[in-house]
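Take a look at the letters that make up each chain.
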Amino acid sequence: MPKAYVFTRYGGPETEAFTEVARPRPGAGEVLVAVRAAGVNPVDWKLREGLRRPGDVGERTFPAVFGSEVSGVVAEVGDGVTGFAVGDEVFGNTVAGGYAEYALLPAAVTAHKPAGLSFTDAATLPVAAATAYDGIRQLDLSAGVTLLVTGAGGGVGAAAVQIARSLGVRVVGVAGEGKKDFVESLGAVHVPSGPDLAGRVSAAAPDGIDAVYDLVGGEVLTEAATLLTDRTRLITAGAPPETAAALGGARVARARTAAVLDALAQLVLTGVLDPHVTRTFPLEQAAAALRAVEDGHARGKIVIEVAR
């Protein structure tokens, strides 16, 4: 029986466990993938604590497998799927978890993995990098403007900084003092997080901030909003839509298409985007991988690798 790392109820780490699960069968429009790597994201532990995603209907079925993004090899193809065959190397968003030996992917949000892209790097793209890509496109930035990115040292933030810099955008990145070197290596001006954030950002960008990409929410988002003359230039992936709207901004609009994944793969292959996988863990250490993200201090991306 294939193994998977799951949570058995809502709560903390005490709800987590390894279990054996039946090999999934792909439904119409789905592909079954033998997982080679799974990205680890903050949303994984937030779902364990009971976060409801937009569009969630009904109660969650337990045990629930962790994970939202994987890369791997197609093992089976569901009805109505075209463009994919058994043996294809792919990456994409999962239907119901990815910290496992097998995962189901919707074919519409699955892309072929180029030969030059590693399974490990590919597994980082469907959630964090795609969120960054969608947000930068939503802001429609032009060369020479100044973008503030809060949470610049995480997976989404690091990708957003790199994509913006490739467009000729000046970036001010907010992150903890321990991530200063990392944020600066991405090409951003680092501003440490903490009280009086607006004052420090203004000192780092005396000509002003033209747009904000927030990945933190809360007081950080509220303070960042005060730096903008035009609040329509504020987007967030760290706060609910109603919070963003109250500040005059908007939630990041996710595209969730294979075309975005193809574009991200090309950015990696051309050297524009480095996924910055800073640590990898075998599936057997999925708990440690999740703790590395849940403690809030991880740089770049954490990936679980599944041996084959």
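Let us look at the structure shown here. (Residues numbered from 1 in each chain as written. Predicted model: local features only at pLDDT ≥ 70, side-chain atom pairs only at ≥ 80, totals over all residues. Heavy atoms only, no water.)

**Comments concerning the layout of surface pockets**
One simple way to see leftover space: roll a probe sized like a water molecule over the atoms. How we decide: Here a cavity denotes grid points, spaced 1 Å and computed from the protein atoms alone, that fit a 1.4 Å probe unable to get out, and a pocket denotes an open set having protein on both sides within 12 Å along at least 5 of 7 lines; residues with an atom within 4 Å of a point are the lining. Grid points are joined across faces, edges and corners, and a volume is the space filled by probe spheres set on the points. Each helix corresponds to a stretch of at least 4 residues labelled H or I by DSSP, and each strand to a stretch of at least 2 residues labelled E; elements are numbered beginning at the N terminus. Gly is placed with the polar residues, together with every amino acid not listed as nonpolar (Ala, Val, Leu, Ile, Met, Phe, Trp, Tyr, Cys and Pro) or charged (Asp, Glu, Lys and Arg).
Estimates place the volume of the second largest pocket at around 170 Å³. Every residue lining the second largest pocket is counted, 14 residues in all, and those nearest its centre are V21, P24, V65, A96 and Y102. Mapped by element, the contributors of at least two residues to the lining of the second largest pocket are β1 (3-7) and β7 (102-106). When residues of the lining of the second largest pocket are assigned to their parent elements, the largest contribution, three residues, is made by β7. Looking at the lining of the second largest pocket residue by residue, the class counts come to eleven nonpolar, one polar and two charged.

**Structural notes on the packing of aromatic side chains**
Definition in use: Ring pairs are drawn from Phe, Tyr and Trp, using the six-membered ring of Trp, whenever the two centres fall within 6.5 Å, and their geometry is named by plane angle: stacked under 30 degrees, edge-to-face over 60, tilted for the rest. When a residue's accessible area, from a 1.4 Å probe over protein chains only, is under 20% of the maximum for its type it is buried; when over 50% it is exposed; and in between it is partly exposed. Two conditions define a charge sitting above a ring: the NZ of Lys or the CZ of Arg must be within 6 Å of the ring centre, and it must be within 35 degrees of the ring normal.
Throughout the structure, instances matching the rule amount to six aromatic pairs. Here F7 and F66 contribute two aromatic rings whose centre-to-centre distance is 4.9 Å and whose plane-to-plane angle is 50°, an arrangement assigned as tilted. Separated by 59 residues along the polypeptide, F7 in strand β1 and F66 in the loop between β4 (64-65) and β5 (69-77) bring together distant segments of the chain. Take F7: its relative accessible area is 2%, and that puts it in the buried class. In this structure, K113 is placed above the aromatic ring of F119, and the distance from its NZ or CZ to the ring centre is 4.6 Å.

**Quick look at the environment of L105**
Defined as follows: By definition, residues are in contact when any of their heavy atoms lie within 4.5 Å.
Inspection of the secondary structure puts L105 in strand β7. For the pair L105 and S142, spaced 37 residues apart in sequence, the C-alpha separation works out to 35 Å. With sequence-adjacent residues up to four places away left out, L105 is seen in contact with G29, E30, V31, V33, V70, F91, G92, N93, T94, V95 and T110.

**With respect to empty space enclosed by the protein**
In the structure shown here, the tally under the stated rule is two cavities of 30 Å³ or more. Approximately 60 Å³ is the volume found for the largest cavity. Surrounding the largest cavity, T124, L125, A128, A129, G155, A159, L273, D274, P275 and K301 form its lining. Elements represented by at least two residues in the lining of the largest cavity include exactly α3 (125-139) and α4 (155-166). Top element by residues in the lining of the largest cavity is α3. It accounts for three residues. A breakdown of the residues in the lining of the largest cavity according to their chemical character gives six nonpolar, two polar and two charged. Of the pockets and cavities examined, the second largest cavity occupies roughly 30 Å³. Around the second largest cavity, the lining residues are N93, V109, P126, A130, R254, R256, T257, V260 and L261. Tallied by class, the residues present in the lining of the second largest cavity amount to five nonpolar, two polar and two charged.

**With respect to helix α6 (residues 197-204)**
Selection rule: Note that the arc is defined by the directions from the helix axis to the C-beta atoms.
Among all positions in α6, only L197, A198 and V201 are buried. Along the axis of α6, the buried residues cluster in a sector spanning 95°; they form a single face. In this fold, the buried residues of α6 make contact with β9 (146-150), β10 (170-175), β11 (189-192) and α7 (218-225).

**Here's the deal with the packing of α3 against helix α9 (residues 258-269)**
What counts here: Every axis in this analysis is a line fitted to C-alpha atoms, fitted for helices over the stretch in contact. Angles between the N-to-C directions lie between 0 and 180 degrees. Here the word oblique covers every angle except those under 35 degrees (roughly parallel), over 145 (roughly antiparallel) and from 65 to 115 (roughly perpendicular).
For the pair α3 and α9, the least separation of the axes is 10 Å and the interaxial angle reads 95°. Taken together, the axis directions place α3 and α9 in an arrangement best described as roughly perpendicular. Of the residues in α9, those touching α3 at L125, P126, A129, A130, Y133, D134 and R137 are V260, L261, A263, L264, A265, L267 and V268. Among the residues forming the contact of α3 with α9, the class breakdown is twelve nonpolar, no polar and two charged.

**Looking at the sheet that holds strand β12 (residues 211-214)**
Just so we agree on the cut-off: DSSP calls a pair of strands paired once it identifies at least 2 bridges connecting them.
With respect to topology, six strands assemble into an open sheet ordered β11-β10-β9-β12-β13-β14, the strand pairing being parallel. Sheet topology places β11 and β14 (250-251) at the edges, where each strand pairs with a single neighbour. Where β12 lies against strand β13 (residues 234-236), three bridges are found, and the strand directions are parallel. Opposite D214, over in β13, you have T236 as the bridge partner. Packing of α3 onto the sheet brings it into contact with β9, β12, β13 and β14, and relative to β12 it is tilted by some 160°.

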